[in-house]
Amino acid sequence: MNKMLQEKIIECKNVKFYFTKERILYNVDWTISKGDFWAIIGPNGGGKSTLARLLVGLLKPSSGEIIKDSNLRIGYVPQNTFLNRHFPITSLEVVMMGFLKPKLFGGFLPKGAKETAMQLLEKFNMESFAHKKIGELSGGQRQRVLIARALCSNPNLLVLDEPTASIDPKSQKEIYRLLQQINQEKAIIMISHDVSVLLGYAKKVLYVNKEVKVHNLPNNINTACNTDAFDEHFCEVEMLMGLWHSKIGERDE
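Residues numbered from 1 in each chain as written. Predicted model: local features only at pLDDT ≥ 70, side-chain atom pairs only at ≥ 80, totals over all residues. Heavy atoms only, no water.

## A look at the pairing of strand 3 (residues 37–41)
For strand 3, the buried fraction is high: five of the five residues fall into the buried class. Burial of the side chains of strand 3 extends over both faces: Phe37, Ala39 and Ile41 are buried on one face and Trp38 and Ile40 on the other. Summarising the sheet, strand 3 and strand 7 (residues 187–191) pair through four bridges and their orientation is parallel. When the bridges of strand 7 are listed, tryptophan 38 appears paired with isoleucine 189. Pairing analysis gives four bridges linking strand 3 to strand 8 (residues 204–209), with the strands arranged parallel. (Buried < 20%, exposed > 50% of the residue type's maximum accessible area, 1.4 Å probe, protein only. Helix = DSSP H or I, 4+ residues; strand = E, 2+ residues; numbered from the N terminus. Pairing = 2+ DSSP bridges.)

Here is the structure:
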C-alpha cells in the first residue's frame, strides 16, 4: 500500500515560466505522488495559479519539463470560474458539462452522462438541487457542483484553485471534509489562502513565491526556510504547527 502511495504521477524538473520578459516561476522541482493532498500557499502574484495551469496543461513551461504518468487524468476547478448567475442552466447541466469533449462541430455527451452526474450530486448531498438554477445556489453549493463537474472524467488527480474563496467558514469546512473523502481515492492539489487547511486536511504544503519550498506535515515542521529566495519568508507552516503543539501541551498539563 505504501509503495502505491509513493508512486509518482507528476514530476516537475527545473520548470521555469516567463510571461513576455517577466519571470513568473523558476527552479520548480516538485513531485506529486498517488495519495498526496497538497496545500499550495504563498503571496498573491507568487505564481500559484500559474503553477496549477502548468500542471493541467493550459500553459507550457518556458524551460524544464513536467513529466506525467501515462495513465494520469486531471480534474480542474479553476479560480473564479465564470458562471453567469442569470444564465438559465441547472446544477445538473453544469455537472454534465464535465463530460463534454471538444470536437470540430461541438461536443457530445457519453451514454449515461445524466445518470452519472446525478450520482455525483448525490455523493455531495446536492441531488435535491439538481434542477435548481446555478444562480440560485449559495457559494458553497456552487462550489460542490463545480467539484462534481471536475470529477466527471474520473480523474486520479484533482487540482483546485482557491475552492473556498468567498465562502463562509461552515461551507469551507464542508468542502474540506468532502476533499478529504475524495483524497481516499484521488490525489489532490489545492491552492488556498486559508492556512487552517494545513491542520487536519492537507498532508503536505508547497510554498510558492516564484520558487517553491516543500513542507511535509507534521514530520518536517522544523525545516528552516534557508534559501536566499526565502530569507524574508516568515514560515506560516512552522508557526501554525508550533502553536498547535503548544496548545496540545497546555491541555495535557
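## Points about the sheet that holds strand 9 (residues 211–216)
Spatial strand order, 5-6-7-3-8-9: six strands in an open sheet with mixed pairing. Looking at strand neighbours, the two that pair on one side only are strand 5 (74–77) and strand 9, the edges of this open sheet. Strand-to-strand, the axes of this sheet are offset by a mean angle of 15°, without reference to chain direction. As judged from the six bridges shared by strand 8 and strand 9, these two strands associate in the antiparallel manner. Paired with valine 208 across the two strands is valine 212, which belongs to strand 9. In this fold helix 2 (residues 48–56) packs onto strand 3, strand 5, strand 6 (157–161), strand 7 and strand 8, with an angle of close to 150° to the strand it touches most, strand 5. Packing of helix 6 (residues 169–182) onto the sheet brings it into contact with strand 3, strand 6 and strand 7, and relative to strand 7 it is tilted by some 150°. (Axes fitted to C-alpha atoms, helices over the stretch in contact; angles between N-to-C directions. Contact = heavy atoms within 4.5 Å.)

## A closer look at the sheet that holds strand 4 (residues 63–68)
Backbone-to-backbone hydrogen bonds join strands into a sheet, with any given pair of strands oriented parallel or antiparallel. Read across the sheet, three strands follow the order 2-1-4 without closing on themselves; strand pairing throughout is antiparallel. With one partner strand each, in any of the chains shown, strand 2 (22–33) and strand 4 form the two edges of the open sheet. Neighbour-to-neighbour, the strand axes of the sheet open up by a mean angle of 15°, direction not taken into account. Sheet topology note: the strand 1 (residues 8–19)/strand 4 ladder contains five bridges and is antiparallel. Its bridge partner lying in strand 4, cysteine 12 is registered against isoleucine 66. Across the sheet, helix 2 touches strand 1, strand 2 and strand 4, and the angle it forms with strand 2 is around 55°.

## Considering the pairing of strand 2
Bridging between strand 1 and strand 2 involves eight bridges; their strand directions are antiparallel. Note on strand 2: the bridge partner recorded for valine 15 is valine 28. What sits between the antiparallel neighbours strand 1 and strand 2 is a turn of two residues, in which threonine 20 has the positive phi angle 55°.

## Examining the pattern of salt bridges
Enumeration over the complete set of coordinates arrives at five salt bridges. Its salt-bridge partner being glutamate 7, residue lysine 34 comes within 3.5 Å of it at the nearest N-O pair. Here the residue lysine 34 occupies a position in the loop between strand 2 and strand 3, and glutamate 7 occupies one in the loop between helix 1 (2–5) and strand 1, the gap between them amounting to 27 residues. For lysine 34, a relative accessible area of 32% translates into the label partly exposed. Overall, glutamate 7 belongs to the partly exposed group, its relative accessible area being 33%. Note that aspartate 36 and lysine 204 form a salt bridge whose closest N and O atoms lie 3.3 Å from each other. Taken together, the positions of aspartate 36 in the loop between strand 2 and strand 3 and lysine 204 in strand 8 put the pair 168 residues apart, joining distant regions of the chain. (Salt bridge = Lys/Arg side-chain N within 4 Å of Asp/Glu carboxyl O.)

## Things to note about the nonpolar core
Among the nonpolar cores identified, the biggest contains 42 residues, and Ile147, Leu158, Leu179 and Ile182 are the most heavily contacted of them. The residues touching leucine 158, leaving out its near neighbours within four places in the chain, are Gly75, Ile147, Ala150, Leu151, Leu179, Ile182, Ala187, Ile188 and Ile189. (Core = buried A, V, L, I, M, F, W, Y, C linked by side-chain atoms within 4.5 Å.)

## With respect to the confidence of the model for the protein
Residues at a pLDDT of 70 or more form 78% of the protein, whose mean pLDDT is 82. Counting contacts from residues 220–234, a segment whose pLDDT is below 50, to residues more than four positions away or on other chains yields 25 contacts. (pLDDT = per-residue confidence, 0-100.)

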